[in-house]
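Letter by letter, the chains look like this.
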Amino acid sequence: MDLLLSTNFLHNLVTTFGSQTFWIKALELILSLSILVFIHELGHYMWARIFGIKVNKFYLFFNPSLTLWKWKPKNHKHAFMVRASNAKITDEEGNEYEDEDEKEDAKLPSNYKATWRDTEYGLGWLPLGGYCAIDGMVDETQSAEKLKRPVKDFEFRSKPAWKRLMVMIGGVLNNFLLALVIYAGIVLAYGEEFIPMQNATSGYEFSPSAHKIGFVDGDIPLSADGKKLEFLDGKAMQAMVEAKQVQVLRNGSDTIAINIPDKYLFTVNKEMEDGRNFIMLRTPVVVDKTMPNMGAEKAHLRHGDHLIAVNGVATPSFNVFTAQMLANKGKTVPLTVVRNADTVTVEAPVDNAGKLGFQLANPITFYKTITKHYNIVECVPRGIKLGVDQMVSYVKSLRLIFTKEGAQSLGSFGAIGNLFPEKWDWQYFWSITAFLSIILAVMNILPIPILDGGYVLFLLVEIIFRKKPSMKFMNVALRIGLWFIILLMVYAIGNDVYRFLIK
């Protein structure tokens, strides 16, 4: 068994790293993260400079042991391939310093006016992030001895709490604004694909309150108070819930009038607060691609297969299919599949989590769509709307991390890289980059020491209680936060190794 596992691992390792797809996705991931990290650290840098705080270093990528390139404008010095030295620097009086920056700071007068030229700009060799070393900030870039010395006006710790707060949220703010700009750029350059109401031939699904007033899953809304509904968006949904009467197409031929109760909007809003949408596109269960060594692959499901029944129970939508999977978890069940023009039955093992292991095809691949274009003025509010909606959706989904299935789905760079397409597609690349920018913003603002949100929490406590946390407390909190992040990363990387190289 151990030999089989080792052989399988080596085979997957060679297959993964030897494929063109892997290197395309790796390049997309590195480029995307480079943009996101640069913009994030630029946010910290900008606010630090606005408030006259000296920034010691601004680096894209990490540089443990080796720096590919660095530049210090103040000294007019460029250097390539510089190896790090652990030796301390001693001045004429015998005082020891961690590096030249620390030695330089010791000589500067307290009222020194820092400029952009005081910063060392560089490129590291490890493309997993970057950093902005802000002078006088309690973090992993400052030595404890330096922070014991008298405070100078150009240091982070000398500034009022509200200024330090702006420096700390600058990275998160930049990432969120970047996402809005990217979304606006996408809709300006490419427009948005929509499925016209009547083109969604499988119809729509409705909330419990909608069922009570007469809607039936599979209905296709046609008009609200006589005004035609073009496609499903927030405007169309609002028109429906505020109308007196909605016309729907049922069973492909019958036109039914549904009367909407007064103040029904309040009922819909209450359902949405509970996580239930008034109306959703009914998504047929069509396979895009299968996952290795899971039930869908073992049942020989193919791209384009349409799963219409599970164990004899019709599955007109993915929601119904998911419920049937959960009801049959751990079992092998017959699936009724429409494949090209034929209907076939296959046996598929469902895992203990109720999963078959396949990626659902995007509805726009089998429904006829139209493209809506935006001008330079219209794209801005649309980009803001898309960014805000994506952020709200992601924040709501965070609670799932604390479930067993959520913890198992955690991943690191492998999982993130797998989001990118197998072939280079700029529209898709920018869409994923915008989504990752929102993730980076949300995750960084979590109140965990070592993350921006941890510093923000300490600063808010200081503002409210008018007292700074002690240096000892800060150092202990940062160590705890660092170990938490390290353990979380180890777990996420372990999930990636298991998911992509073993399983």
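Structure: above.
Position labels on residues start from 1 in each chain and follow its written sequence. Confidence filtering applies because this is a predicted model: local features only for residues at pLDDT of at least 70, side-chain atom pairs given and counted only at 80 or more, and all residues used for totals across whole chains, interfaces and linings. Where side-chain values are given, they derive from all heavy atoms of the structure, hydrogens and water being excluded.

### Focus: the overall build of the protein chain
When you go through the protein chain residue by residue, the secondary structure sums to 16 helices and 19 strands. When its C-alpha atoms are laid out on the principal axes, the protein chain stretches across 90 × 65 × 40 Å. Only protein chains enter the accessibility calculation, which uses a 1.4 Å probe. A residue is then buried if its area is under 20% of the maximum for its type, exposed if over 50%, and partly exposed in between. Counting all 503 residues of the protein chain, 40% fall into the buried class. Any two residues whose heavy atoms approach within 4.5 Å are treated as being in contact. Considering only contacts within the protein chain whose residues lie at least 6 apart along the sequence, 69% involve residues at least 24 apart. For accessible areas, the Shrake-Rupley method is used with a probe of radius 1.4 Å. Any residue's cover is judged against the shown protein chains and nothing else. Surface accessibility of the protein chain: about 28000 Å² in total, with carbon and sulfur atoms responsible for 62%. Positive charge is attributed to Lys and Arg, negative charge to Asp and Glu, and no charge count is given to His or to the chain ends. Every charge is mapped to an atom, namely NZ of Lys, CZ of Arg, CG of Asp or CD of Glu. Here the protein chain contributes 54 positive and 50 negative side-chain charges, whose respective centroids are spaced 3 Å apart. Only DSSP runs of H or I with at least four residues qualify as helices, and only runs of E with at least two residues qualify as strands; both kinds are numbered from the N terminus onward.

### Some points on the packing of aromatic side chains
Here a pair means two rings of Phe, Tyr or Trp (six-membered ring of Trp) with centres within 6.5 Å. Their orientation is stacked below 30 degrees between planes, edge-to-face above 60, and tilted elsewhere. Taken as a whole and judged by the stated rule, the model has 26 aromatic pairs. With a centroid separation of 6.0 Å and an interplanar angle of 85 degrees, the aromatic rings of Tyr112 and Phe154 are classed as edge-to-face. Highlighted residues: Tyr112 in the loop between helix H3 (100-107) and strand E5 (120-134) and Phe154 in the loop between helix H4 (144-147) and helix H5 (161-190), separated in sequence by 42 residues. Through pairs of rings, three or more aromatic residues link up here, namely Phe38, Tyr45, Phe58, Trp71, Trp116 and Tyr121.

### Side note on unusual backbone geometry
Positive phi outside glycine occurs at Met81, with the angle close to 50 degrees. When you line up the elements, Met81 lands in strand E2 (residues 77-83). For Asn311, which is not glycine, the phi torsion reads 55 degrees and is therefore positive. Looking at the secondary structure, you find Asn311 in the loop between strand E14 (306-310) and strand E15 (313-314). Of the residues examined, Asn311 reaches a relative accessible area of 43% and is grouped as partly exposed.

### Looking at the sheet that holds E15
A strand pair is defined by DSSP finding two or more bridges across the two strands. Across the sheet, four strands lie side by side as E15-E14-E16-E17; this open sheet has antiparallel pairing. On the outer flanks of this sheet lie E15 and strand E17 (342-349), each paired with one strand and no other. Where E14 and strand E16 (residues 332-339) come together, four bridges link them in antiparallel fashion. Each residue of the ladder has a partner; that of Leu307, found in E16, is Val337. Axes here mean lines fitted to C-alpha atoms, for a helix over just the part in contact, with angles spanning 0 to 180 degrees between N-to-C directions. Across the sheet, helix H10 (residues 318-327) lies against E14, E15 and E16, angled at about 50 degrees from E14, the strand it touches most.

### Quick word on helix H11 (residues 379-397)
Its 19 residues give H11 an end-to-end C-alpha distance of 27 Å, which sits within 8% of 27 Å, the value for a rise of 1.5 Å per residue. Among the residues of H11, Cys379, Gly383, Gly387 and Tyr394 are the ones counted as buried. Axial view of H11: buried residues confined to an arc of 65 degrees, hence all on one face. Packing partners of the buried residues in H11 comprise H5 and helix H14 (426-444). A helix's residues, less one, multiplied by 1.5 Å, set its expected span. Think of the arc as the fan of directions from the helix axis to the C-beta atoms.

### Remarks on the sheet that holds strand E9 (residues 227-228)
Note on sheets: strands pair through backbone hydrogen bonds, and any given pair is parallel or antiparallel. Spatial strand order, E9-E8-E10-E11: four strands in an open sheet with antiparallel pairing. The two strands at the open ends of the sheet, each matched to only one other strand, are E9 and strand E11 (254-259). Judged from the six bridges that link them, strand E10 (residues 245-250) and E11 form a sheet pairing that is antiparallel. Following the sheet pairing, Val246 is matched in E11 by Ile258.

### A closer look at the pairing of E17
Pairing geometry for E16 and E17, over eight bridges, is antiparallel. If you follow Pro334 over to E17, its bridge partner there is Glu347. Linkage of E16 to E17, two consecutive antiparallel strands, is achieved through a turn of two residues, within which Asn340 is found at a positive phi near 55 degrees.

### A closer look at the pattern of salt bridges
We count a salt bridge whenever a side-chain nitrogen from Lys or Arg sits within 4 Å of a carboxyl oxygen from Asp or Glu. Applying the stated criterion across every chain yields a total of nine salt bridges. Linking Arg157 and Glu155 is a salt bridge whose minimum nitrogen-to-oxygen distance equals 2.8 Å. Here Glu155 falls in the buried class, since its relative accessible area comes to 4%. Residue Asp389 is joined to Lys385 by a salt bridge in which the shortest nitrogen-to-oxygen separation is 2.5 Å.

### Quick word on helix H15 (residues 452-465)
Between its first and last C-alpha, H15 extends 20 Å over 14 residues, near the 20 Å set by a 1.5 Å rise per residue. Count one or two residues on from H15 and you reach Arg466, which has phi positive near 55 degrees.

### Points about the side chain of Thr119
Note that Thr119 resides in the loop between H3 and E5. What makes Thr119 buried here is its relative accessible area of 0%. From its side chain, Thr119 meets the backbone oxygen of Val55 in a polar contact 2.7 Å long. Residues contacting Thr119, with those up to four places away along its chain left out, are Tyr45, Val55, Asn56, Lys57, Phe58, Trp71, Lys72 and Pro73. The definition of a polar contact used here is a pair of N or O atoms within 3.5 Å, where within protein one atom must be able to donate a hydrogen and the other to accept one, and adjacent residues in sequence count solely through side-chain atom pairs.

### Some points on the pairing of strand E1 (residues 55-72)
Pairing of E1 with E2, which is carried by six bridges, proceeds in the antiparallel orientation. In the sheet register, Trp69 faces E2, and the bridge partner there is Phe80.

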